[in-house]
Amino acid sequence: MVTRSDIISMLEEKGIPFREFHHRAVHTIAEAEGLSIPGFDMSRVPKNLFLRDDKKRRYYLVSIAPDKTADLKELRRILGSRPLSFASEEDLIALLSLEKGSVTPFGLLADSAHRTIAVFDSFFSEGMIGIHPMENTSTVFLRFSDLKALLEEHGTEIVMI
């Protein structure tokens, strides 16, 4: 199981610059909208969705800009996937060691079988991204390029949409 401490230690050991901000627990993007983190653009905090295909063969952690809505039929078309739906909380725990309300791309580091594909909105391809470090009581801001390199080093497949 990957913990918040593991994430922070990994970032420090790899020399990846980041800033962590502690805050009240937030379970949804709507709850996060009330947060104010001085010096950081909250539009850089993605909405994260954990999806699966109808045969439970492929899982996707989709991170989109917070002001966007996910069209699962269009996403299916873009990904060349079977029909998509939200994965169960049991799958979320089993694959990413995360609980509902704490979905984060850092959870992909817990997927040692690499069953989950990371799907990022191209909005995040440049600049910073703010994500939970396995718990929803803090947000870590780091360069998207550093997050992408960390996930690729782990063996996670990444798709930009």
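A brief report on the enclosed structure follows. Only a predicted model underlies this, so the values are computations on that prediction, with no experimental measurement involved. (Residues numbered from 1 in each chain as written. Predicted model: local features only at pLDDT ≥ 70, side-chain atom pairs only at ≥ 80, totals over all residues. Heavy atoms only, no water.)

1. Thoughts on the layout of surface pockets
In this structure, the largest pocket occupies an estimated 540 Å³ of space. What lines the largest pocket is a set of 27 residues, among which His27, Thr28, Asn48, Gly101 and Val103 lie closest to the centre. Every element with two or more residues in the lining of the largest pocket is listed here: helix H2 (29-32), strand E2 (47-53), helix H4 (89-96) and strand E6 (128-131). Take the lining of the largest pocket: its biggest share by element is four residues, from E2. Among the residues making up the lining of the largest pocket, the classes are represented as 14 nonpolar, 10 polar and three charged. What the second largest pocket holds in volume is close to 180 Å³. Around the second largest pocket, the lining residues are Val62, Ile64, Lys68, Thr69, Ala70, Asp71, Glu74, Leu75, Ile78, Asp121 and Ile161. Elements supplying a minimum of two residues to the lining of the second largest pocket: strand E3 (59-64) and helix H3 (72-79). Considering every element that reaches the lining of the second largest pocket, the biggest residue donor is H3, with three residues. (1 Å grid on protein atoms, 1.4 Å probe; cavity = no way out; pocket = protein on both sides within 12 Å on 5 of 7 lines; lining within 4 Å. Points joined across faces, edges and corners; volume = space filled by probe spheres on them. Helix = DSSP H or I, 4+ residues; strand = E, 2+ residues; numbered from the N terminus. Nonpolar A, V, L, I, M, F, W, Y, C, P; charged D, E, K, R; others polar.)

2. Considerations on unusual backbone geometry
Even without being a glycine, lysine 56 presents a positive backbone phi close to 60 degrees. Despite not being glycine, histidine 114 has its phi angle at roughly 55 degrees, a positive value. Along the chain, the position of histidine 114 falls in the loop between H4 and strand E5 (116-120).

3. A few points about the sheet that holds E6
Strand order in the open sheet formed by three strands is E1-E7-E6, and the pairing between neighbours is antiparallel. Across the chains shown, the open sheet's two edge strands, defined by having one partner strand only, are strand E1 (18-22) and E6. Neighbour-to-neighbour, the strand axes of the sheet open up by a mean angle of 20 degrees, direction not taken into account. Of the pairings in the sheet, the one linking E6 to strand E7 (residues 138-143) comprises four bridges and is antiparallel in character. Bridge pairing links isoleucine 129 to leucine 142 in E7. (Pairing = 2+ DSSP bridges. Axes fitted to C-alpha atoms, helices over the stretch in contact; angles between N-to-C directions.)

4. As for the nonpolar core
Ranked by size, the top nonpolar core spans 31 residues in total, and within it Leu11, Leu96, Phe106, Phe120, Ile129, Leu142 and Leu147 carry the most contacts. Element by element, the count of residues in this core is highest for helix H5 (residues 144-154), at four residues. Aside from chain neighbours lying at most four places away, what touches leucine 147 is Pro105, Phe106, Phe120, Ile129, Ile131 and Leu142. Counting residues in hydrophobic clusters, the runner-up holds 10 residues, among them Tyr60, Val62, Ile117 and Val119. (Core = buried A, V, L, I, M, F, W, Y, C linked by side-chain atoms within 4.5 Å. Buried < 20%, exposed > 50% of the residue type's maximum accessible area, 1.4 Å probe, protein only. Contact = heavy atoms within 4.5 Å.)

5. Notes on the sheet that holds E5
As summarised here, the arrangement of the five strands in space is E4-E2-E3-E5-E8, forming an open sheet in which the pairing is mixed. The two strands at the open ends of the sheet, each matched to only one other strand, are strand E4 (84-86) and strand E8 (158-160). On average, each strand axis in the sheet is tilted by 30 degrees relative to the strand beside it, whichever way the strands run. Across the face of the sheet, H3 comes into contact with E2, E3, E4, E5 and E8 while running at roughly 125 degrees to E4. The sheet strands contacting H5 are E5 and E8, and the helix crosses E8 at an angle near 145 degrees.

In short, geometric facts, not functional conclusions.
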